[in-house]
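Breakdown of the fold
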Amino acid sequence: MSAAGKETQSSIANRAELLPALKQELGKNGNLSKTVLTSLADKTGLPLNEIYGVATFYAYLPVAAAGKNIIRVCGCLPCDLKDAQGVIGSIKKELGIEPGQTTADARFSLEQVGCIGACDQAPAMMINDTLYGNLTPARIAEILKSFK
Amino acid sequence: MAEKRIVLGNCGVIDPQNIETYLAKGGFKAFIKARDKMKPQGIVEEIKKSGLTGRGGAGFPCGLKWELARNTKAKTKYLICNADEGEVGQFKDKYLLSKDPFTLIEGMLIAGLAIGAQQAFIYLRAEYHVLYDQLCRAIEQAKEKGFLKHLDIKVFEGAGSYICGEESALMNSIEGRRGESRYKPPYPPTSGLWDKPTIINNVETLMNVPHIINNGAAWFSAMGTKRSKGTKVFCVSGDVARPGVYELEMGSPLKELLIGLAGAKDIKAVQIGGSAGSIIPASMIDTPLAHETFLGSGAVVALNSSRDIIDIVHNDMHFLNEESCGKCTPCREGTEVILEILGRLTRGEGVAGDISALEDLARTMALASLCGLGQAAAVPVLDSLKYFREEYINRIDQSLFLRSYLGSEFYKSKEGVR
């Protein structure tokens, strides 16, 4: 039996809204800090540890402080074959950060992620919701410059 | 055999932002036929007769699944379209959703009639957020035409988790939980989303439905092989001249897809099905692509002679280890240990017992893991040991030699070559 069988109707309804609510909070704040999660716990009546457990499960719900623009470079096989590590190297050259880090001016955070569905344009990355494929060092520099 | 663009038929032909262009091409005729001229049981029978199997990777007979849900007595039933396409090498659903959301909606409407669902979700992965507005608009346009009277369709966005493409983890995600797999039974058609009968189908599976209703089950089952009917949309990437999306009849030879259409020249090995997909050598290039042989999700990655098989398998396992939901021990710990062994092999730190350890772990994970991720995770390892065993043996021999050399008096002495 799924966990749903043990809960009341109202807590199920609150639970069903959790993921959309977390995304909404993320839209307002750059990340899901403890303050944000605590207020969400108060609003929904769900325990803070449950909300934290859900938030930390998903890769696109950053809990730690993140930069204004999140760069996600795909490291999976088709992109790896087309030098995804070189893309990460180019970004390090331009911004001075490695995966898991944020620039000092908080303009960018960098992460290495799983397949983003751009295998025919490998190597590829996402910055926020936009996909950039067929990357070269020159193209990467140009793309990064276009972000404030 | 050339490409057979049936599921891809409207892509690049209709305007995905304008339902009128879809209607002009005969869109929603199948739904109207199913709604006005067929009984729900009749729709299920037609899909069963067609032999349509799941296109997301598992390949379960679609009609049989719908029948199970149809026969479960319940007031509330759910339909979910799995658009969480996270498999490595897979991008067909992104292509389909961006160019023809209407065929998917029509397929969902027919499925809803067949199983008796009132509420449907399209679980769209977060990485495809850019498709969200267009998808919602397409649903809105279909609603304005009066097609959504029996079924409400909502788009539910994921948040970055490969395992949420697994149906039970997907349901947990919609319920606002961690995307962990569930113990089965019960299976979704009996008890799924919020314990109600639920059908989860891949985007491509649902997009086959209007064609089957329009042209008949016999038309569909005339294509393909004994167990794999119809066409399949393949995604080709890696060492090919023309990566992209191609649709072929089931049972078409790999050679036709890889060399004929995608322009691969130098092939050492091919991985078929994604990160946990089979790795086969170039000598098997004539193999037909079907459930009976190799298929999975239809993601095909070509590897040329410059590629190192152990590096490939290591990359795959890194992904699977990262994406494991962590609930069951065989997968959570097994992927971790296999990753460690493969990592040492790539760095020249292999030991004699590594191969037997890999085989042992692989067998255990296949038997004991809760879901497909853990069960299939070691397939690339086992396949590469079967077809490229000498690469592992060489790597271990080199590691043993390197260690003994670095520890030798010769190396430590002034004459040692560095």
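The shown structure was predicted, so the numbers you read here are calculated from the model rather than taken from an experiment.

So, on to the nonpolar core. Grouped together as the largest cluster of nonpolar side chains are 155 residues, with contacts concentrated most on Cys74 of chain A together with Ile110, Leu257, Leu258, Val270 and Val300 of chain B. By residue number, the principal contributor to this core is helix α6 (residues 101–115) of chain B, which donates ten residues. Aside from chain neighbours lying at most four places away, what touches Leu257 of chain B is Phe234, Val236, Tyr246, Leu248, Ser252, Ala262, Leu289 and Val300 of chain B. Counting 14 residues, the second largest nonpolar core, distinct from the first, contains Leu22, Leu40 and Phe57 of chain A together with Ala159 of chain B.

Moving on, we come to the interface of chain A and chain B. Facing 33 residues of chain A, the contacting portion of chain B comprises 40 residues. The set of elements that each furnish at least two residues to the side of chain A that touches chain B consists of α1 (9–16), α2 (18–28), α4 (48–57) and α5 (77–81) of chain A. For the side of chain A that touches chain B, the leading source of residues is α5 of chain A, giving four residues. Among the residues making up the side of chain A that touches chain B, the classes are represented as 22 nonpolar, five polar and six charged.

Glancing now at the pairing of strand β6 (residues 244–249) of chain B. Taken across its six residues, β6 of chain B has five buried, putting it largely inside the fold. Taking the residues that link successive antiparallel strands as the turn, the strand β5 (residues 231–238) of chain B-β6 of chain B hairpin has five residues.

Now for the sheet that holds strand β7 (residues 269–272) of chain B. All names here are of chain B. Read across the sheet, five strands follow the order β6-β5-β9-β7-β8 without closing on themselves; strand pairing throughout is mixed. The open sheet has two edge strands with one neighbour each: β6 and β8 (278–281). Across the sheet, the mean angle separating the axes of adjacent strands is 30° when strand polarity is ignored. Bridge count between β7 and β8: four bridges; the pairing is antiparallel. Residue pairing for β8: Val270 is matched across the bridge by Ile280.

A word on unusual backbone geometry. In this structure, Pro123 of chain A follows Ala122 of chain A across a cis peptide bond, with omega equal to -5°. In the segment running from Pro185 of chain B into Pro186 of chain B, the intervening peptide bond is cis, with an omega of 5°. On the secondary structure map, Pro186 of chain B appears in the loop between α8 (167–174) and β4 (198–202). The backbone of Ala106 of chain A shows a phi angle near 60°, a positive value even though the residue is not glycine. Residue Ala106 of chain A is classed as partly exposed on the basis of its 13 C-beta neighbours within 10 Å. Despite not being glycine, Phe28 of chain B shows a phi value in the positive range, around 70°. When you line up the elements, Phe28 of chain B lands in the loop between α1 (19–24) and α2 (29–37).

The next point concerns the domain arrangement of chain B. Residue and element names in this part refer to chain B. Each assigned domain of chain B is listed here: domain 1 (19–221), domain 2 (231–303) and domain 3 (309–406). Computed over C-alpha atoms only, the centres of domain 1 and domain 2 are separated by 26 Å. Taken residue by residue, the interface counts 13 residues in domain 1 and 16 residues in domain 2.

Here the focus is the domain arrangement of chain A. Entries for chain A in the domain assignment read domain 1 (3–57) and domain 2 (69–145). Relative placement of domain 1 of chain A and domain 2 of chain A: their C-alpha centres are 30 Å apart.

Thresholds applied
- Residues numbered from 1 in each chain as written.
- Chains lettered and ligands numbered in written order.
- Predicted model: local features only at pLDDT ≥ 70, side-chain atom pairs only at ≥ 80, totals over all residues.
- Core = buried A, V, L, I, M, F, W, Y, C linked by C-beta atoms within 7 Å.
- Buried ≥ 20, exposed ≤ 12 C-beta atoms within 10 Å, placed from the backbone.
- Helix = DSSP H or I, 4+ residues; strand = E, 2+ residues; numbered from the N terminus.
- Contact = placed C-beta atoms within 7 Å.
- Nonpolar A, V, L, I, M, F, W, Y, C, P; charged D, E, K, R; others polar.
- Pairing = 2+ DSSP bridges.
- Axes fitted to C-alpha atoms, helices over the stretch in contact; angles between N-to-C directions.
- Domains from an automatic or database assignment.

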